[in-house]
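The chain contents come next:
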Amino acid sequence: MLEFYGTPVASRLLLGTSRYPSPVILADAVQASGSDVVTVSLRRETAGGKSGGAFFDLIRSLGVRILPNTAGCHSVSEAVLTAKMAREVFATDWIKLEVIGHHDTLQPDVFALVEAARILSDDGFRVFPYTTDDLVVAERLLDAGCQVLMPWCAPIGSAAGPQNVPALRAMRHHFPDVPLIVDAGIGRPSHACRVMELGFDAVLLNTAVAGAGDPVVMASAFASAITAGRDAYLADPLEPRDMAVPSTPVIGKAVFA
Ligand SMILES: CC(=O)[C@@H](O)[C@H](O)COP(=O)(O)O
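As a starting point, this report considers the structure included with it. In this text the structure is predicted, and so the values were computed from the model without any measurement.

Let's shift gears to the nonpolar core. Ranked by size, the top nonpolar core spans 79 residues in total, and within it F4, L97, V127, F128, I181 and I186 carry the most contacts. With seven residues, the top contributor of residues to this core is helix α4 (residues 110-122). Apart from residues lying up to four places away in sequence, I186 is in contact with C153, A159, H191, A192, V195, V203, L205, A208 and F222.

Printed below as a string of structure tokens:
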């Protein structure tokens, strides 16, 4: 079974909780997704305009594990402070660490990310860093104490799907024993299936479900796609070939009168 920092998780879909049309739809989507981990921002307004205490109570009532995040933080000090507040509010040492470095693309500031990851790991946090698909940054994050990595596949909220499959493949290849969660940029269930077929351990997504016309049905569609992708990976899929290969071998020759 998949484990994050020694904690087993049943579902390979981690769901964000922002921007749902209403709290009820959020709760129904979480249930339909089968997720047992949801991520929550301490700093953003969320479902149906609810924020702060009322929203956090709703999240606690879902009966799933909470992975607080530092979305909206742009510096080491802001991210570290937000993580410490999240630890108090949600009584967990898990933190999805986001340190945004670029205003337009929301690309992580990987230098600040590594620094914040080290500070938080040293302080006992279990850090889930939102990062790029860069192998050197990944190494630095592991050195800083991270035991899980969360590479993007496209910018947050873009719904663009995997933009650099060779880089994602390389990441899986070079870190075979590290739980790898694709986080951000997934738009369709087929995108999630694709990264799971590459061998990623899980997917975290928000916008594609919250922004769908029917978030509850979409949550369920993502759950199915992620299971299909995982099963396909375990079934050792064929690599694409340049040449045709008959799928029905012909033995001898048919003789027609
Ligand atoms: C909710 C959250 O943590 C996002 O910052 C996350 O990265 C998901 O990205 P998408 O909204 O693109 O799925």
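For the rest of this paragraph, the subject is the pairing of strand β6 (residues 94-97). Side chains W94 and K96 of β6 all project onto a buried face; the interleaved residues I95 and L97 project onto the opposite face, where all are buried too. What joins β6 to strand β7 (residues 126-131) is α4, and the crossover it makes is right-handed.

Another point: the pairing of strand β5 (residues 65-69). Here β5 lies mainly inside the structure; four of its five residues are buried. Relative to β5, strand β4 (residues 37-41) runs parallel, the two being bridged by five bridges. In the sheet register, V37 faces β5, and the bridge partner there is R65.

Turning our eyes to something else, we now look at the packing of helix α3 (residues 76-90) against α4. Closest axis-to-axis distance for the α3/α4 pair is 9 Å, and the angle between their directions is 35°. Handedness of the crossing formed by α3 with α4: right-handed. Along its contact with α3, which presents V76, V80 and A83, the element α4 presents A112, E115, A116, I119 and L120. Grouping the amino acids of the contact of α3 with α4 by side-chain chemistry returns seven nonpolar, no polar and one charged.

Cut-offs applied
Residues numbered from 1 in each chain as written. Predicted model: local features only at pLDDT ≥ 70, side-chain atom pairs only at ≥ 80, totals over all residues. Heavy atoms only, no water. Core = buried A, V, L, I, M, F, W, Y, C linked by side-chain atoms within 4.5 Å. Buried < 20%, exposed > 50% of the residue type's maximum accessible area, 1.4 Å probe, protein only. Helix = DSSP H or I, 4+ residues; strand = E, 2+ residues; numbered from the N terminus. Contact = heavy atoms within 4.5 Å. Right-handed = clockwise from strand over helix to strand, strands pointing away. Pairing = 2+ DSSP bridges. Axes fitted to C-alpha atoms, helices over the stretch in contact; angles between N-to-C directions. Left-handed = near helix turned anticlockwise from the far one by under 90°. Nonpolar A, V, L, I, M, F, W, Y, C, P; charged D, E, K, R; others polar.

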